[in-house]
Amino acid sequence: MRAPRAALSKAWARAKALRVVEANLPRQVELPAPAEKPLQYISPEDIDRALAAVRPTVRAIVTLTADTGARISEILNLRWRDVAHDFTSVNLHRVKTRTAGRVALTPRAQATLKRVHAERPPTPLEAPDWVFPSPYKKGHPYNRSYVYVQWKKAATKAGLRDTTLHGLRHAFAMHAINAQVPLPLLRDALGHTNLQTTNRYADYADASGAAQVVAAVAEARGQGRKKPRRRKKGSA
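This report concerns the structure included in the present document.

A tally of regular secondary structure across the chain gives 11 helices and two strands. From first element to last, N terminus to C terminus, the chain shows the α and β order α-α-α-α-α-β-β-α-α-α-α-α-α. Taken across its 236 residues, the chain has 35% of its residues classed as buried. In the chain, of all internal contacts separated by at least 6 residues, the share reaching a separation of at least 24 is 55%. Entry remark: accessible area of the chain is about 15,900 Å², with carbon and sulfur atoms responsible for 56%.

Its volume calculated, the second largest pocket comes out at about 200 Å³. Looking at the second largest pocket, the residues that line it are Arg-71, Lys-96, Thr-97, His-166, Arg-169, His-170, Gly-191, His-192, Thr-193, Thr-197, Arg-200 and Tyr-201. A breakdown of the residues in the lining of the second largest pocket according to their chemical character gives one nonpolar, seven polar and four charged.

The next thing to look at is helix H4 (residues 56–68). Between the first and last C-alpha of H4 there are 19 Å, a value that for 13 residues agrees with the 18 Å anticipated at 1.5 Å per step. At the exit of H4 stands Gly-69, carrying a positive phi of roughly 75°.

The next point concerns the pairing of strand S2 (residues 99–104). Where strand S1 (residues 89–94) meets S2, six bridges bridge the pair, whose relative direction is antiparallel. Looking at the pairing, His-93 lines up with Ala-100 of S2. Counted along the chain from S1 to the antiparallel partner S2, the turn is four residues long, and its residue Arg-98 has a positive phi close to 55°.

The next thing to look at is the nonpolar core. If you look at the biggest cluster of nonpolar residues, it comprises 38 residues, and the most contacted ones within it are Ile-61, Val-62, Ile-75, Leu-113, Val-131, Phe-132 and Val-147. Only helix H3 (44–53), H4, helix H5 (72–76), S1, helix H6 (107–119), helix H7 (144–157) and helix H8 (167–178) provide two or more residues apiece to this core. Setting aside residues up to four positions removed in sequence, Val-62 forms contacts with Leu-51, Val-54, Val-147, Trp-151, Leu-165 and Leu-168. Within the second largest apolar cluster, nine residues are counted, among which are Leu-39, Met-174, Ile-177 and Leu-183.

Time to look at the packing of H4 against H7. Where H4 meets H7, the closest approach of the two axes is 10 Å, and the angle between their N-to-C directions is 95°. Taken together, H4 and H7 sit at an angle that is classed as roughly perpendicular. From H4, Thr-57, Val-58, Ile-61 and Val-62 reach across to H7, where they touch Tyr-146, Val-147, Gln-150 and Trp-151. Considered class by class, the residues forming the contact of H4 with H7 number six nonpolar, two polar and no charged.

Definitions and limits used
Residues numbered from 1 in each chain as written. Predicted model: local features only at pLDDT ≥ 70, side-chain atom pairs only at ≥ 80, totals over all residues. Heavy atoms only, no water. Helix = DSSP H or I, 4+ residues; strand = E, 2+ residues; numbered from the N terminus. Buried < 20%, exposed > 50% of the residue type's maximum accessible area, 1.4 Å probe, protein only. Contact = heavy atoms within 4.5 Å. Areas by Shrake-Rupley, 256 points an atom, 1.4 Å probe, with all protein chains shown as cover. 1 Å grid on protein atoms, 1.4 Å probe; cavity = no way out; pocket = protein on both sides within 12 Å on 5 of 7 lines; lining within 4 Å. Points joined across faces, edges and corners; volume = space filled by probe spheres on them. Nonpolar A, V, L, I, M, F, W, Y, C, P; charged D, E, K, R; others polar. Expected span 1.5 Å × (residues − 1). Pairing = 2+ DSSP bridges. Core = buried A, V, L, I, M, F, W, Y, C linked by side-chain atoms within 4.5 Å. Axes fitted to C-alpha atoms, helices over the stretch in contact; angles between N-to-C directions. Parallel < 35°, antiparallel > 145°, perpendicular 65-115°, else oblique.

This is the structure we're talking about:
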């Protein structure tokens, strides 16, 4: 839909320049917004299988992506000065929203960063202190395309053929929703600028999560309590 309009708009622009037409009509046509693709649910077990299959050179990067819900660019742009001294949190610089925020780390992510820190090569003081420096391009972070390729291979091997690396961010959000994490807290963790963006994940809460909410409300209202049975006269 958009490609034909662009071609027509180019032709009409040429015609307008030649004064054949007065206005570029194709450019004035409003196209409907593209339909949003449904999010694919990735279970924690699926993620674990894919992490086990991914190449060791990028496993730490993918682990932090999965366990923080961060964008891959935010993980690759991490510097050691962004990592807490006790490895319990990182300060993410969100390029998309031009904001920054500290994010707590899971025990697995903490262990991963500790290992990377212990194994890192000595770096000159004047050099960029990338957490994941490129092994091929000095002074630059790890190549994003290479991580994409390695994740795709691992995901396919784990049986997740249509799963993208960004899908780990969606999985993080959906798992948080199912764990009853309040939307404002999830918004801050994901670095969204408005709650409406985060609210899209609320539609993906699984039935078990919804059942837990209903059960909790019923219990609070006393609907889940059984009425004590009356004893019959003469019974022991």
